[in-house]
Amino acid sequence: MKDQVKFSPVILDPNTANGWIHLSDDLTSLRRGDTDQQLPDNPERNTKYWNVFGSEGFKSGKHSWNVEVGDYPRWTAGLAKESVDRKGERHASPENGIWCLLHHDGKYTNGVGETLKLKKSLQRIRVQLDYDMGTVSFYDSEDMTLIYTHRDTFTEKLFPYFNVSPAGDAKTSDLKICQYQINL
């Protein structure tokens, strides 16, 4: 007899969440809230931008997770190095320690300023890290079409990274880290 186990490979870290980022009770989805929560300004907190990091970082190996983005109008997903500036001005780019895919008002960009040509709007993406090979890849998780790959040499722990703007009129109110089903 086979059993199925569901788990989310990324749990969001509330200690890193900007005050405008509201997390679900199970720490697997995020949205840009209508109110700025009064949160302690601890060292790991993102204060300048609407960011949150995953609770577990990676210093080796292969890791992947899916993010349901639906029709959310502005989002960023990827990885950030542990020492990234969480308090000041910086853009989401590899130069600043963030390897990401950005979606802003119908356009997809790769974090180095290049617009990506996609055949359709993404509903769900897969973020895939191969730390040892120095790659962060993004896929359309519906058909596993490669969107873009960042290549770099990683020297410190990397954390899952998310940024969202207000949802506006979108049907999708939250970005969700999707569960996997594993057959045992």
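Our subject is the structure that appears above.
Now for a look at the structure at hand. Treat the numbers as computed from the prediction; the structure is a model and nothing was measured.

Reading the values: rules and limits
Residues numbered from 1 in each chain as written. Predicted model: local features only at pLDDT ≥ 70, side-chain atom pairs only at ≥ 80, totals over all residues. Heavy atoms only, no water. Salt bridge = Lys/Arg side-chain N within 4 Å of Asp/Glu carboxyl O. Helix = DSSP H or I, 4+ residues; strand = E, 2+ residues; numbered from the N terminus. Buried < 20%, exposed > 50% of the residue type's maximum accessible area, 1.4 Å probe, protein only. Pairing = 2+ DSSP bridges. Axes fitted to C-alpha atoms, helices over the stretch in contact; angles between N-to-C directions. Lys, Arg positive; Asp, Glu negative; His and termini not counted. Contact = heavy atoms within 4.5 Å.

What follows covers the pattern of salt bridges. Where side chains of opposite charge bring their charged atoms close, a pairing between them can arise. Counted by the stated rule, this structure contains five salt bridges. A salt bridge links K120 to D140; its shortest N-O distance comes to 3.3 Å. Placement of K120 in the loop between β9 (115-116) and β10 (124-130) and of D140 in strand β11 (residues 135-140) is noted, with a sequence separation of 20 residues between them. For K120, a relative accessible area of 39% translates into the label partly exposed. Looking at D140, the relative accessible area reads 5%, which means it is buried. E142 serves as the salt-bridge partner of K120, at 3.3 Å between the closest nitrogen and oxygen. One end of the pair, K120, is in the loop between β9 and β10; the other, E142, is in the loop between β11 and β12 (145-151), with 22 residues separating them in the sequence. Among the charged side chains, a salt-bridge network with shared partners connects K120, D140 and E142.

Let us now look at the sheet that holds strand β5 (residues 62-68). Spatial strand order, β2-β3-β14-β5-β10-β11-β12: seven strands in an open sheet with antiparallel pairing. On the outer flanks of this sheet lie β2 (21-23) and β12, each paired with one strand and no other. Neighbour to neighbour, the strand axes of the sheet diverge by 20° on average, direction disregarded. Examined bridge by bridge, β11 and β12 share six bridges and lie antiparallel to one another.

Another point: the side chain of D130. Within the secondary structure layout, D130 lies in strand β10. One buried charge, D130, has no salt-bridge partner; the nearest side chain with opposite charge is K62, at 4.1 Å. For D130, the contacting residues outside a window of four places in its chain are G61, K62, T135 and F154.

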